[in-house]
Amino acid sequence: FDFKNFILNYEPSEWSYEVPEPMLNRRQIVDITDDNTGKVHSVARGHTPIYVNEVGHNPKMHSNVLIRDKNDHSVYYYVCIDKEHAMKKGDTVELLVDYGDHYEQVRERKGYGQVNMSEQLGGDEEDGARLQRNFQEREEVEKDISSLKIWEMFHLVEFLMEKILNPIDKSIGSLSTGQPDLHRRGDLIARRRLDWVGEKLAGRILDYVADPLVDSSSEFISSLKVSVRKWRFVSMPKLFNRLNPELRKVLLGELTEELLYQTRSRLPNPLNETVWSNIAIDLTRKTTNSMAQYLYCHSGPVNSRKRHLAECLMSHAKYAAEAVRNGSNAINNLNINSIPHVDVDYHINGLSFKSSRRKIEKKYLLDGSNEKMRSLYDFQHTIRFGTAAAMADIQAYYDAVELCGIDQYYIPGKTRRVSECKRSIVSQYEPNCTNSSCNRSPQFYWMARSVDTFMKGGVLANEKWYLENQVLAIVHILASTCVDWNPSSEETGNYLYSLERLCREIELDVNDAKKALSQGTMNPVWPASEITAVYSPALSDDGPVKGFRLERRKSRRRAATSSAQQLYKGSDAEFPGWTVKEIQRANSRHVDRYWTHPEVEGVMVRSKVGMNTLLNYMQVNGVGIKSAYEKNRETTKYFSGVKIRR
């Protein structure tokens, strides 16, 4: 089911129910979608349940439908009207169901999950958010493939070929340049993902062959080799020329995701507006589109295609570098009044980021001498990053007044409230610092500031930072990771592509470029004393190290059972070092979570609020888990356990 869900673009997960019937030591899935398309199949469309909406996280909506399993393998919907919502004869009401926590991933993709509302994370219509979710799914697919036994792969390949690959190949064979429909869009995505999965399966087959305990000449292995070879999307170049612009865009979008997935550890959070400026996002799209076309969608001699690709990459990089310099010059010349308002807005928009929200803690921004800053909001707030930068500007004014002993002529805290700043630009930040940590951390030489600050002429845009982190890094990491230039460098005389040539095009010193690449891409966040370098393929022989990853949660509706069920027990990605146990209550779809830690044996934390209480106490007071627990153990609604012996 997970492979089907990935290939068919996660639509089946919207219409699946997990039931407790055990089979092959696994809980089973009631799947009501067509294996060819991922759409709800015709039998299900003839019944009421699929037309019942859900309440989601809307407190004004009330669930009046319950989902229950029957005989541990059938799913039923029951209308349940309680006394509080009693109806009179002739009344009508919309049927609504609560799909529970296990449906949260689907809500997030649709844009109405908890993180969408609390953290302003977009749904799948937002490219950056969609890519991060899809990257996690691809990692899970690779993980699943790496653990497949031969007989499991044999049945998987048989299912995917019969139910998805063969029907899609038949459908794609009839594609023309007519109007695109959703079915055809889905076919193109599915066909390309089958190609990607096939490549990973082929790698797993090589593992079987290299295993001395496996008979590499067996019929199973031979059959798998022949079958997986058919999964290659060899007709893509010919097909691409016949597609209309909309369908080409769909295919290029899928190829873009594949390319960015390859570089995810070196280019973090691609197309995310809180990490990349508008100039960088536009450059990423152009670069990946060109690479997708010349590497996968065009036919002809390989070297010829690479030569054209290299020219395109240089052109994209040069254009982006010019946009950075034009924007920096317009802002830094302090002649804002002499520049047409439209042009100023254009330059600021190109260099700006979407200012993400963050918790501003007292120890980072406020102390006993800064009570006037506290009066801006009266209490700690979760505010936008750009707003914090504006607050820092006001604090600088207060500090100057106090240091110089002059009378205030302007009281920002009383005359105006700091409004939410939704866009930020990275400024120059040159501290007089000889500390070694400052010297080795380029993040000490820039700071994200609110757009308003630049409009007032108070700070300068950091042109060099943009060239190194928002132009150079994008083009070079993609080009050096995703393309084999055979090899291309100044030393070999192969001028198709090289770091030196790229630096000449964007007028950047090659030594500065190498230093920037060795330190990794820098996110526009508050300056930190320690920066972990991201792997750079240009300057290291070591492979990339995968970053921290959240475990995948199955996006399925879960039917209630007559007895309590343990759904999961293992490490918790949200709270590293802790073990979480998930228990579904009897006759309910509600899931309780309990946390334990080896340092406090016999103690169980009974809620996420309790976990946050414990961790916050540890952070504020600088104590360990045992001390934090002893201080808070009387709060029995959060904790259960014994007194810890020291």
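Predicted model, so just to flag it, every value in this text is computed and none were measured.

Colleague: Please set out the side chain of N134 residue by residue, giving values where relevant.
Modeller: Along the polypeptide, N134 turns up in helix α5 (residues 127-146). Exposure remark for N134: the relative accessible area of 2% places this residue in the buried category. Within the local environment of N134, its side chain forms a polar contact with the side chain of R109, the two groups lying 3.0 Å apart. Apart from the residues lying within four places of it in its own chain, the contact partners of N134 are Y10, R109, R193 and E257.

Colleague: Residue-level account of the layout of surface pockets, with values.
Modeller: Of the volumes computed, that of the second largest pocket is approximately 1100 Å³. For the lining of the second largest pocket, the elements supplying multiple residues, two or more each, are α3 (104-110), α5, α7 (182-210), α10 (245-262) and α11 (278-297). For the lining of the second largest pocket, the class distribution of residues is 12 nonpolar, 11 polar and 18 charged.

Colleague: Please set out the pairing of strand β4 (residues 65-70) residue by residue, giving values where relevant.
Modeller: Residues V65, I67 and D69 of β4 are buried on one face, while the alternating residues L66, R68 and K70, pointing to the opposite face, are not. Where β4 lies against strand β5 (residues 74-79), 6 bridges are found, and the strand directions are antiparallel. Note on β5: the bridge partner recorded for R68 is Y76. Linkage of β4 to β5, two consecutive antiparallel strands, is achieved through a turn of 3 residues, within which N71 is found at a positive phi near 60°.

Colleague: Residue-level account of a nonpolar patch on the surface, with values.
Modeller: Side chains of V79, I81, M87 and V93 sit close together on the surface and give an oily, nonpolar patch of about 330 Å² of accessible area. Position of I81 relative to the elements: it lies in the loop between β5 and β6 (96-97). On the accessibility criterion, I81 (36% relative accessible area) is partly exposed.

Colleague: Provide a residue-level description of helix α22 (residues 510-519), including the pertinent values.
Modeller: Where α22 is concerned, the buried positions are A513, A516, L517 and Q519. Relative to the axis of α22, the buried residues are bounded by an arc of 165° and lie together on one face. Where α22 begins, one side-chain oxygen reaches toward the backbone nitrogen of N511, 3.0 Å away; that side chain belongs to D509. Positive phi appears at G520, one or two residues downstream of α22, with a value of about 85°.

Parameters at a glance
- Residues numbered from 1 in each chain as written.
- Predicted model: local features only at pLDDT ≥ 70, side-chain atom pairs only at ≥ 80, totals over all residues.
- Heavy atoms only, no water.
- Helix = DSSP H or I, 4+ residues; strand = E, 2+ residues; numbered from the N terminus.
- Buried < 20%, exposed > 50% of the residue type's maximum accessible area, 1.4 Å probe, protein only.
- Polar contact = N/O pair within 3.5 Å; in protein donor to acceptor, adjacent residues only side chain to side chain.
- Contact = heavy atoms within 4.5 Å.
- 1 Å grid on protein atoms, 1.4 Å probe; cavity = no way out; pocket = protein on both sides within 12 Å on 5 of 7 lines; lining within 4 Å.
- Points joined across faces, edges and corners; volume = space filled by probe spheres on them.
- Nonpolar A, V, L, I, M, F, W, Y, C, P; charged D, E, K, R; others polar.
- Pairing = 2+ DSSP bridges.
- Patch = residues over 30% accessible without salt bridge, like charges linked within 9 Å, V, L, I, M, F, W, Y side chains within 5 Å.
- Areas by Shrake-Rupley, 256 points an atom, 1.4 Å probe, with all protein chains shown as cover.
- Salt bridge = Lys/Arg side-chain N within 4 Å of Asp/Glu carboxyl O.
- Arc of directions from axis to C-beta.

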